[in-house]
Structure formats: structure tokens, C-alpha cells
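Remarks on the overall topology
Residues per chain are reported as follows:
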Amino acid sequence: MTNRREAEAVAPKATSFIGQDEVPGAGEPLAFVHPGDGLVYAELPLAGPAEVDAAVAAARDAFPAWRALNPAARRDLLHRLAGVLREHSGELAGLVSLEMGMPVRASVAGVTQAAEWFAHYAGWADKITGGTVPVAPGAVHDYTVPGPRGVVAAIIPWNGPVIALALKVAPALAAGNCVVLKPSELAPFSSVRLAALLASAGLPEGVLSVVGSGPDVGERLVGHPGVDMISFTGGDRAGRVVGRAAADRHVPTVLELGGKSASLVFPDVDPARAGKLGLVLGAVQNSGQGCFLPTRLLVHRDIYPAVLDAVVAAAGEVRIGDPFDQGTAMGPVVSEAAAERILGVVSAAASRGDGRLVAGGARVDRPGSYLTPAVFADVDPASPLAQEEVFGPVLALTPFQDEDHAVALANGTRYGLAGYVWTADLATAHRVADRLDAGYVSVNGMAGLPPGAPFGGWKASGRGTEGGLDGLREYLHTKNVHVQLRAPGGARP
Ligand code: TXE
């Protein structure tokens, strides 16, 4: 799948998948616009309350049999689902690029990574074991049984819908849960198509349903009495609303929220490479629309001028273009509204003097929602630009004096999601990684969500983990069984 026309041709004609079928919503049709050219590619109603209720009911009906499925059979099925993602990576990637504008090479990488998550958790499906507790050997047999929580409401954003789906659905299914997935109202089609493909590959009816809609339907799903757990990925504001609703029903949650992550560049690295990488990782990839991207570039004062020059030079060379063009490094942002919002952030930061706008931050003269990556220098660490997530192509550079100063700047926001350390010195790398108040630290590179590595943050970045055994455990609860073999005093019970 490499072009818009093909993607549009396979786009589902509904925003929900429930049971075994694509299900049209009932409300007013919504116009879906491809941000790569500003043209409408579909006009369909979003899911409404009826679809949420039907999806939860289907999940509840499916849960007993899915839970009871032989773990080896679940393992084999999840391996088959991984194969479906690999086999249809082009088609699914094309839908991601169509609905949110990610360059297709990155979309393919995201779908391929999603397949790895299904394969990884397939491996866990038949290895979920409990244990015994030596309460009173010979008199008591006490054992633990890990089991699925039941019906999981999985809510994902638009910025990488297939990988965001996999981060939740793969561990949830491996643990024996059923899932009702609500993708963003901006990007429902790749999820609907994937659910249809997984059903065709043998995923039983009701185990995975998709209700593509907005916050109102999200709130209904979160508050639904048939939901036993919520796994949410999105912004801080929505995360708080979801967390409060879950608390009202004592429903466990995983909340993967925003970030304002920093790269710390020490003076023993190549300034030219650090500058180019800093721009690409923080403001070019996915047009800066990623929660754990290093959108703050903190640079040791000795190499700050050289790194700044390299960032500005790289900003002028970015290949901004059609998401379906294989040579594109940076596509549009997700929508016209997002473009306007981001330009507003750039303008406000410049007029407030949060830093010096030294490159970009403007519209690209072509149809669609294209912006040039904005680079701010000498950013005040206490300014809104340094403190608040933009979720767009905006990089903030700030010099630091020494390691303590760098760590204080990096840890000086309300977020705690990711951190990036760039140094040739082993001791500095590990020492600073340890000092960063963030859940997902990379040294001399960027961890790209390998399925075995736990991902998640704390503070305003949320709570809970996705990936590895930690991520599996989020979808399990533990029962303890205490068997009295002899009555107290030794008599038979
Ligand atoms: O978020 P929103 P967006 C974050 C990123 C940024 C945001 C951007 O940091 O802040 O996501 O995505 C649904 N009840 N992450 O604009 O508005 C909404 O319909 C129930 C962090 O989409 O929060 C959508 O499906 N649902 C992440 C989803 O929540 C509600 C990586 C997100 O919407 C709701 C990627 C409500 N009250 C992006 N309000 C990470 N940390 O891994 C909204 N929704």
C-alpha cells in the first residue's frame, strides 16, 4: 500500500466493528479529511451509545469461553494474529497515513512493531502461572491463581493507532480478557480494519470490538457497568477525567498520558550529529506528535552554539511532503485544527519571549496541514514552552552548566515520561539515567517500544506499564486459595 487512492479504496465503510461485522453509527455523518491534501475521503457517522452497549454486551458474552480457552490455543491464535499484521502491514499502514498523515515508511514500521507486540504476548499466553504459599506445610495448602480481569475498555489516541492498539490489545488478550477498543474520532479506520482482519483469522466473536468515536462515547464506555478495567492513552486532561470516572466504580486503570521529555547532550558528543538527531527525534518524526519524544533539547554550554547551528541547518533540510511519498521525512500534522493550535502556541511563545524563534514554525504553501518544524533557542526553563506539551513540531533548546543543572532542568516539569542521555562516558550515562525522574530512559538513541521493555511514566504522565511482564500483569488479578488440610489441633477437617 503506497498511495492515497489505494488506502481510500480499502478504508472501512463504518467506524465500528462489533461481533463479526462492521457496524455503521447512527448519528450525523462526520467528514473525514486526509491531512496530506485537505480533501474529504469519507463521510460516516461515529459510533454512539448503542454501539458501545452492543460492544460491551458482545465482550461479556464472549468472556467465559475466551477465558476458558486452552492457553496453548490462545498462544497459537495470537501468533496467527501477529502474522495477519505482518501480511497486511501495507494496507494497515496506508490507512494510518490516510487518517492521520504519518509518512508511510513510518506507518509500516509501526504496524510491523505492532506485530512484534502480538508475537511477544503470544509467548506469554501459556506461561501465566501462580504459586504456593507456605502458610502451614502439611496443614494448609495455600496457592495463588492469576486470572483475567474481564472486559477491558481500551482507549487510544490518533497519533499511531495500530501500535497504540497493540500495546493494549495484545497483553489484554494474552491474559484472557476481552476488549472494547475506542480509537480516536480522528483515526478509527485502521482499528476497524484490523479488527475485521483478526476476526477473519479466527479471533472469536466479541473478543475484540471497535467503537470509533469521540470523548462522549468514551465517557459512556469508561462508565459502563460491564467494563472491568480501563487502559487509556491520551492527554493529561482527558486522563484525569477517565481516572476520576474509574475511581467512582473502583475500576483499575492504566493511564499513558503526555510528556515534555528532554534530551541531555553532554560535551563529549559530536555537536553536528547531536543537533541533527535532536531535531529529527523531537520535532520531525511523526511531526512531533508523540508523547515520549524529546521535545526539549538541553545542551552543555561548551557545545551549545555548535548544536544550535546544527539544529537550524537540519531544520532547513527536512523533506516535508506527501505522507504517501517514500522519500518524505515529515508529513502534515493531524488536522487543520491541530495546525492552527500549534501555530498559536508558536506565536504565543515568541511574543512572550519564552525563547528566540530561530527556525520554522510556519505553514508550508501546499494543500493540507503542513508546518515547518519550529526551533526555539535559549528557552526559559520556567516558561510555558518549556513546561507544557505542544504535541507538534516544536523543539525547545536550553543550555546547561553542568550535570546537576541538566538533571534539574530535565526533572523540572510536572511530567515524568521519558528522558534521553547523549554522552560517550559510560559512568555519566548510567548515573544520569538513574537521576532522571522518568519511566523510559534512552542513552545515545531512542528505544522504539520493544515489546519486552516496560513503557510508562509517572507524575502527570500517568501510571501503569505497557510492555513485558509488567505490562501483562496490568491485565491480571490474583486470587489466593487457602485449603485447610487438617483442622487446627490435627483432627481431619
Ligand atoms: O488526546 P485526547 P489526543 C497523548 C499526548 C497528547 C494526546 C494527543 O501526549 O496529550 O495524547 O492525543 C478519548 N473519556 N498521548 O488529542 O484528547 C479520545 O476520543 C473517555 C500519550 O487524541 O486525550 C481519544 O480516543 N475518552 C501517549 C483518546 O481519549 C476520552 C502516546 C485520546 O484523546 C475522553 C500518545 C473522556 N473524557 C499520545 N476525552 C502515551 N503516553 O503513551 C478524550 N477521550
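Being a predicted model, the structure only gives us computed values, none of them experimental.

For helix 8 (residues 215-222), the complete set of buried residues consists of Val-217, Gly-218, Leu-221 and Val-222. Considered in projection along helix 8, the buried side chains sweep an arc of 140° and stay on one side of the axis. Residues of helix 8 that are exposed and point more than 90 degrees away from the buried face comprise Asp-216 and Glu-219. The secondary structure elements touched by the buried residues of helix 8 are helix 2 (49-68), strand 7 (151-155), strand 8 (178-182), strand 10 (229-233) and helix 9 (236-248).

All right, on to the pattern of salt bridges then. Inspection of every chain in the model, using the stated rule, returns 21 salt bridges. Residue Arg-240 pairs with Asp-236 through a salt bridge whose shortest N-O separation is 2.9 Å. One end of the pair, Arg-240, and the other, Asp-236, are both in helix 9, four residues apart, so they sit about a helical turn from each other. Looking at Arg-240, the relative accessible area reads 46%, which means it is partly exposed. Between Asp-437 and Lys-459 there is a salt bridge, with the nearest N and O atoms lying 3.3 Å from each other. Residue Asp-437 is found in the loop between helix 15 (426-435) and strand 19 (440-443), and its partner Lys-459 is found in strand 20 (residues 458-459); the two are separated by 22 residues along the sequence. Taking relative accessible area as the criterion, Asp-437 reaches 30% and is therefore assigned partly exposed. Overall, Lys-459 belongs to the partly exposed group, its relative accessible area being 38%. Via salt bridges that share partners, Arg-75, Asp-76, Asp-126 and Lys-127 belong to a single interconnected network.

Read across the sheet, seven strands follow the order 14-15-16-13-12-18-19 without closing on themselves; strand pairing throughout is mixed. Each edge of the open sheet is held by one strand with a lone partner, namely strand 14 (356-359) and strand 19. Going across the sheet, the axis of each strand differs from the next one's by a mean of 25°, ignoring polarity. The sheet contact formed by strand 18 (residues 418-422) and strand 19 spans four bridges and is parallel. Counterpart to Tyr-420 in the pairing with strand 19 is Ser-442. Packed onto the sheet, helix 11 (residues 304-315) meets strand 13 (296-300), strand 14, strand 15 (374-377) and strand 16 (394-400) and runs at close to 170° relative to strand 16. Along the sheet, helix 14 (residues 403-410) makes contact with strand 12 (262-265), strand 13 and strand 16, crossing strand 16 at roughly 150°.

In terms of nonpolar packing, the biggest core is built from 134 residues, with Phe-118 and Leu-279 touching the most fellow members. In terms of residue count, helix 6 (residues 161-174) provides more of this core than any other element does, eleven residues in total. For this core, the two domains that each supply at least three residues are domain 1 (4-257 + 461-478) and domain 2 (262-443). Dropping the residues within four chain positions of it, Leu-279 is found in contact with Val-284, Val-311, Ala-314, Ala-315, Val-318, Pro-373, Val-375 and Leu-395.

Here the focus is the packing of helix 10 (residues 271-284) against helix 11. Packing of helix 10 against helix 11 brings their axes to within 7 Å, and their N-to-C directions diverge by 50°. Between helix 10 and helix 11, the angle is such that the two are oblique. Crossing hand, helix 10 versus helix 11: right-handed. Across the interface between the two elements, Pro-271, Ala-272, Ala-274, Gly-275, Lys-276 and Leu-279 of helix 10 pack against Ala-306, Val-307, Ala-310, Val-311, Ala-314 and Ala-315 of helix 11.

Before going further, it helps to spend a moment on the environment of Arg-431. Within the secondary structure, Arg-431 sits in helix 15. Look at Arg-431 and you get partly exposed, because its relative accessible area is 39%. Sequence-wise, Arg-431 and Gly-468 are 37 residues apart; in three dimensions their C-alpha atoms are separated by 24 Å.

A separate point is the UniProt feature "domain: Aldehyde dehydrogenase" (unreviewed entry) in the protein. The residues that UniProt annotates with the feature "domain: Aldehyde dehydrogenase" (unreviewed entry) are residues 28-481. For residues 28-481, the helix share is 42%, the strand share is 21%, and the end-to-end C-alpha distance is 52 Å.

This next bit is on the layout of surface pockets. Estimated volume of the second largest pocket: approximately 290 Å³. Forming the walls of the second largest pocket are 19 residues, and the residues nearest its centre are Ile-128, Val-145, Pro-146, Gly-147 and Pro-148. For the lining of the second largest pocket, the secondary structure elements donating two or more residues are helix 3 (71-87), strand 6 (140-148) and strand 22 (476-484). The element contributing the most residues to the lining of the second largest pocket is strand 6, with four residues. Residues that form the lining of the second largest pocket fall into these classes: nine nonpolar, five polar and five charged.

The rules behind the values
Counting of residues starts from 1 at the beginning of each chain's written sequence and follows it residue by residue. Thresholds applied to this predicted model are a pLDDT of at least 70 for local features of residues and 80 or more for the giving and counting of side-chain atom pairs; totals over whole chains, interfaces and linings are not thresholded and use all residues. Values reported for side chains reflect all heavy atoms of the structure, with hydrogen atoms and water molecules removed beforehand. Any residue under 20% of the maximum accessible area for its type is buried, any over 50% is exposed, and the rest in between are partly exposed; the area is computed with a 1.4 Å probe on protein chains only. Numbering of helices and strands runs from the N terminus, with a helix taken as a DSSP run of H or I at least four residues long and a strand as a DSSP run of E at least two residues long. Starting at the helix axis, one direction is taken to each C-beta atom, and the arc is that of these directions. Any pair of residues with heavy atoms lying within 4.5 Å of one another is described as a contacting pair. Any carboxyl oxygen of Asp or Glu within 4 Å of a side-chain nitrogen of Lys or Arg constitutes a salt bridge here. Any two strands with at least two DSSP-identified bridges between them are counted as paired. Interaxial angle, 0 to 180 degrees, is taken between N-to-C directions of lines fitted to C-alpha atoms, where a helix line uses only the stretch in contact. Nonpolar cores were defined as sets of buried Ala, Val, Leu, Ile, Met, Phe, Trp, Tyr and Cys residues, with membership established by side-chain atoms within 4.5 Å. For each domain, the first and last residues come from an automatic or database assignment. Note that the term roughly parallel is reserved for angles under 35 degrees, roughly antiparallel for angles over 145, roughly perpendicular for angles of 65 to 115, and oblique for everything else. Helix crossings are classified by the rotation of the near helix relative to the far one: an anticlockwise turn of less than a right angle makes the crossing left-handed, while a clockwise turn makes it right-handed. UniProt positions are given in the numbering used here, feature names are shortened, and annotations may be inferred rather than shown by experiment. Think of a 1 Å grid over the protein atoms and nothing else: a 1.4 Å probe that fits but is trapped marks a cavity, an open set flanked by protein within 12 Å on at least five of seven lines marks a pocket, and residues with an atom within 4 Å of a point count as lining. Grid points are joined across faces, edges and corners, and a volume is the space filled by probe spheres set on the points. In this count, Pro and Cys sit with the nonpolar residues alongside Ala, Val, Leu, Ile, Met, Phe, Trp and Tyr, while Asp, Glu, Lys and Arg are called charged and the others, Gly among them, polar.

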